[in-house]
Amino acid sequence: QVQLVESGGGLVQAGGSLRLSCAARGNIFSIKTMSWYRQAPGKRRDLVALITSSGSTNYVDSVTGRFTISRDSAKNTVYLQMNSLKADDTAIYYCNAVLAYESGSCCYEWWGQGTQVTVSS
């Protein structure tokens, strides 16, 4: 059993900053990628940022230059530093992990429960 425990969401004014954290706990053999997704009301859940086990990162265009994803592999934790927040960033943010099985074969994914980010304009 795996748990992804998210924290750091909240209410912030436009132009402000927030830092999200997601800690993976439980029976973890190997984490391949960790990502942040977000879902605004009435919209689908979309990828925001991704980081691989080697540290490569990828961002959706709308957050490039404002958000930074990082990872502490020793703690199985991923962070999302969000700066210059806009009202359009308002959404529930979900942590996602893609993990390898104990046998080493690939892979399965796990989701966090989500954390609300609200940006007031």
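Relevant structure appears above.
Being a predicted model, the structure only gives us computed values, none of them experimental.

## Brief notes about the side chain of Asp89
At step 1: Within the secondary structure layout, Asp89 lies in the loop between strand S8 (77-82) and strand S9 (91-100).
At step 2: The class of Asp89 is buried, set by a relative accessible area of 1%.
At step 3: Side chain to side chain, Asp89 and Arg38 meet in a polar contact 2.9 Å long.

## Digging into the environment of Asp46
At step 1: Tracing the sequence through the fold places Asp46 in strand S5 (residues 46-52).
At step 2: Separated by 48 residues in sequence, Asp46 and Tyr94 place their C-alpha atoms 9.6 Å apart.
At step 3: Beyond its immediate chain neighbours, meaning those up to four positions away, Asp46 contacts Trp36, Tyr37 and Arg38.
At step 4: Here Arg44 takes part through its side chain, which lies 2.7 Å from a polar atom of the side chain of Asp46.

## Some details on the pairing of strand S1 (residues 2-7)
At step 1: The alternating pattern of S1 places Val2, Leu4 and Glu6 on a buried face and Gln3, Val5 and Ser7 on a face that is not buried.
At step 2: Summarising the sheet, S1 and strand S3 (residues 18-26) pair through six bridges and their orientation is antiparallel. Considered in S3, the bridge of Ser7 is made with Ser21.

Analysis parameters
- Starting from 1, residues in each chain are numbered consecutively following that chain's sequence as written.
- Two thresholds apply to this predicted model, a pLDDT of at least 70 for residue-level local features and 80 or more for giving and counting side-chain atom pairs, whereas whole-chain, interface and lining totals are computed over all residues.
- Remark: hydrogens and water are excluded; side-chain values derive from all non-hydrogen atoms of the structure.
- Secondary structure counts use DSSP, requiring at least four H or I residues in a row for a helix and at least two E residues in a row for a strand, with both numbered from the N terminus.
- For the exposure calls, accessible area comes from a 1.4 Å probe over protein chains only, and a residue counts as buried if that area is under 20% of its type's maximum, exposed if over 50%, partly exposed in between.
- Two N or O atoms form a polar contact when they lie within 3.5 Å of each other; inside protein one atom must be a possible hydrogen donor and the other a possible acceptor, and for residues adjacent in sequence the pair counts only when both atoms belong to side chains.
- Two residues form a contact once any of their heavy atoms are found within 4.5 Å.
- Between any two strands, at least two bridges found by DSSP are needed for them to pair.

Spatial relationships are all this shows, so hold off on functional conclusions.
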